[in-house]
Amino acid sequence: MSVSINFDHVVKRYGNTTIIPDLSLQVKEGEFFTLLGPSGCGKTTLLRMVAGFNSIEGGTISFDSQVINDIAPAKRNIGMVFQNYAVFPHMTVRKNVEFGLKNRKISKEETKKRVDEILETVKITEYADRLPERLSGGQQQRVALARAIVIKPNLLLMDEPLSNLDAKLRIEMRNAIKQIQNEVGITTIYVTHDQEEAMAVSDRIAVMNSGVIQHVSTPKSIYQRPANLFVANFIGPSNTLKARADAAGKRLVFENGYALPYDGFSEKAKDGDVKVSVRPEEFTIQSKDAPGVPATVKSSIFLGLMTTYFVELFSGETVEITDVSSISNILPNGTEVSLTFESEKINVFTPEGDMSLTKGVNDDAHA
C-alpha cells in the first residue's frame, strides 16, 4: 500500500554546514513526485533522509501520520533504484529480482508468482535466465526497477536512474518508468537535474536551490508560470530583459521605449523596474520597421522543424529565439529586425527576480 509523505520543517546539517535549512513539503499518496535542481542543491540528501541513510537534524518526516525519523532503514518498506543499477553481476535476472523476496521469507510459490508478474510488467521476461553482463544498460535498469517494485514497497525512491544511459535510451526508459509507475501506483520520489526528464515523468515537481524549495506544482504550471526568475531560467531556456511596469496602464515599456500591452500583472505588481522572462518560442520576429525592440541577427542554427536564432538587442544583450523553419531562406547574419512578444506567455518578476508579478502562479510550496 502506498503512503503520503509529509516533510515538516526538516533540517540537515553536516557539522557547521547547513545543507537544508528548513524544508516543508507534502507528497500525495500514489504520486510521481520529482525533486529537480542543480548539482549540490540538496535533492539527493533529502532522498537519503527519507531512506534513512542520512540523519535528520531538525523537523520530522512522516509516512501517512507515522513519524519515521528514528525507524531503521530496513523497516521503512522502501524500494530504491540507483544511478548505477546496483544489480548483482553473478545472479541471473530472475535471481536478482527474487533477492528481496527471499530476504523477507516469502514462500517459493508466492515468490515465483510475483517475479513472473513484475518481469512481465517491466518487459524483461525473455531475459529471465541471462546474467546482467549480457544485458544493455536500459535492460539492467529495468531489472533494478523490477527488484525494487517486487517487494511491494510503500514508497519507491529513484536517484538519477537514467543518467548513465545514452540519449535515446533515456527517453525510452523515462517513458517506461512513468508507464510502470502508473500501473503499480506506488508513491514515487524521483531525483534528477534534467529538466526535460522531470517534465516528462512527473505529476508534480519541486524545484530546489541551495536546500530551499523554490516552486512546487505541475510541470505545465512551473514551465508556464514560474514562481521566480531562478525557476524560469532553470526549467527550460529563457531570456531575461529589463523593462518598466506600467501596471495602471497595463503595459510593459522596454528600454528603447517600445510599449507592449500587457494585462497579466498580478495584484502585487506596481509601477517601476521589472525583469521580463521570455522563452525562445515566445518572441515574434518582424521586419525592422515594425513596432518592437530593435535587434540584429548574429547567427542561426537550422534544426529541421525549428530554426534557432541568436540575436543582439540594441542594448548589446544577446537573446535566443526559436522560430518555425520556413521554406524560404533563413534570415542571414546581420539582418536588422524588430522583436515583439507573445504577451499572454511571458512572465514578469521583481528587479531582484525573487517573486513573480504575473497572475496565475500556482505554488503548492507556499499555498
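Whatever comes next refers back to the structure up there.
This text gives an overview of the structure that appears in the document. Along each chain, residues carry numbers from 1 onward, in the same order as the chain's sequence is written. Whole-chain, interface and lining totals are the exception, using all residues; otherwise, since this is a predicted model, local features are given only for residues with pLDDT of at least 70 and side-chain atom pairs are given and counted only at 80 or more. Side-chain measures here rest on the full set of heavy atoms in the structure, leaving out hydrogens and waters.

**Considerations on the overall build of the chain**
Right, so step 1: Comment: elements are numbered from the N terminus, with helices defined as DSSP H or I runs of at least four residues and strands as E runs of at least two. From N to C terminus, the chain includes eight helices and 20 strands.
Right, so step 2: Split into buried and exposed, the 367 residues of the chain put 49% on the buried side.
Right, so step 3: Across the chain, contacts joining residues at least 24 apart in sequence account for 68% of those joining residues at least 6 apart.
Right, so step 4: Of the accessible surface of the chain, which amounts to about 17500 Å², a share of 50% is contributed by carbon and sulfur atoms. A 1.4 Å probe rolled over the protein chains alone gives each residue an accessible area, and that area as a share of the maximum for its type sets the label: buried under 20%, exposed over 50%, partly exposed in between. Residue contacts are defined here by distance: any two heavy atoms, one from each residue, within 4.5 Å place the two residues in contact. Working definition of accessibility: Shrake-Rupley area with a 1.4 Å probe, residue cover restricted to the visible protein chains.

**Considerations on the pairing of strand S1 (residues 5-14)**
Right, so step 1: Any two strands with at least two DSSP bridges between them are considered paired. In this sheet, strand S4 (residues 58-63) lies alongside S1 in antiparallel orientation, the contact comprising five bridges. When the bridges of S4 are listed, Ile 5 appears paired with Phe 63.
Right, so step 2: As paired strands, S1 and strand S2 (residues 17-27) are joined by seven bridges and run antiparallel to one another. When the bridges of S2 are listed, Tyr 14 appears paired with Thr 17.

**As for the sheet that holds S2**
Right, so step 1: One open sheet accounts for four strands, arranged S2-S1-S4-S5; its pairing is antiparallel. Of all the strands in the sheet, the pair left with one neighbour each is S2 and strand S5 (66-67).

**Re unusual backbone geometry**
Right, so step 1: The backbone phi angle of Asn 77 is positive, close to 55°, even though this residue is not glycine.
Right, so step 2: Looking at the element boundaries, Asn 77 is found in the loop between S5 and strand S6 (78-81).
Right, so step 3: Unlike most non-glycine residues, Lys 152 shows phi in positive territory, near 55°.
Right, so step 4: Inspection of the secondary structure puts Lys 152 in the loop between helix H4 (137-149) and strand S7 (155-159).
Right, so step 5: With relative accessibility at 51%, the residue Lys 152 sits in the exposed group.

**Re the side chain of Asn 239**
Right, so step 1: Relative to the assigned elements, Asn 239 resides in strand S11 (residues 239-246).
Right, so step 2: The buried category is assigned to Asn 239, whose relative accessible area is 7%.
Right, so step 3: At 2.9 Å, the side chain of Asn 239 forms a polar contact with the backbone nitrogen of Glu 320.
Right, so step 4: Setting aside anything within four residues of it in sequence, one finds Asn 239 in contact with Val 276, Ser 277, Val 278, Arg 279, Pro 280, Phe 283, Val 319 and Glu 320. Each polar contact in these results corresponds to two N or O atoms within 3.5 Å; when the atoms are within protein, one needs to be able to donate a hydrogen and the other to accept it, and residues that are neighboring in sequence are counted only if both atoms are side-chain atoms.

**Topic: the pattern of salt bridges**
Right, so step 1: The term salt bridge refers to a pairing of a side-chain nitrogen on Lys or Arg with a carboxyl oxygen on Asp or Glu at a separation within 4 Å. Taken as a whole and assessed by the stated rule, the structure comprises 15 salt bridges.
Right, so step 2: Between Asp 116 and Arg 94 there is a salt bridge, and its shortest N-O distance comes to 2.8 Å. Residue Asp 116 is located in helix H3 (residues 108-121), and its partner Arg 94 is located in helix H2 (residues 93-103); the two are separated by 22 residues in the primary sequence.
Right, so step 3: Overall, Asp 116 belongs to the partly exposed group, its relative accessible area being 29%.
Right, so step 4: Given the relative accessible area of 21%, Arg 94 is considered partly exposed.
Right, so step 5: Note that Asp 273 is salt-bridged to Arg 244, the shortest N-O span being 2.8 Å. Here Asp 273 is found in strand S14 (residues 272-278), whereas its partner Arg 244 is found in strand S11, with 29 residues between them in sequence.
Right, so step 6: Residue classification places Asp 273 among the partly exposed positions, given a relative accessible area of 48%.

**Some remarks on the environment of Val 319**
Right, so step 1: Inspection of the secondary structure assignment puts Val 319 in strand S18 (residues 318-324).
Right, so step 2: A relative accessible area of 3% places Val 319 in the buried class.
Right, so step 3: Excluding residues that lie within four positions of it along the chain, Val 319 makes contacts with Asn 239, Leu 241, Phe 283, Tyr 309, Phe 310, Val 311, Leu 313 and Leu 339.

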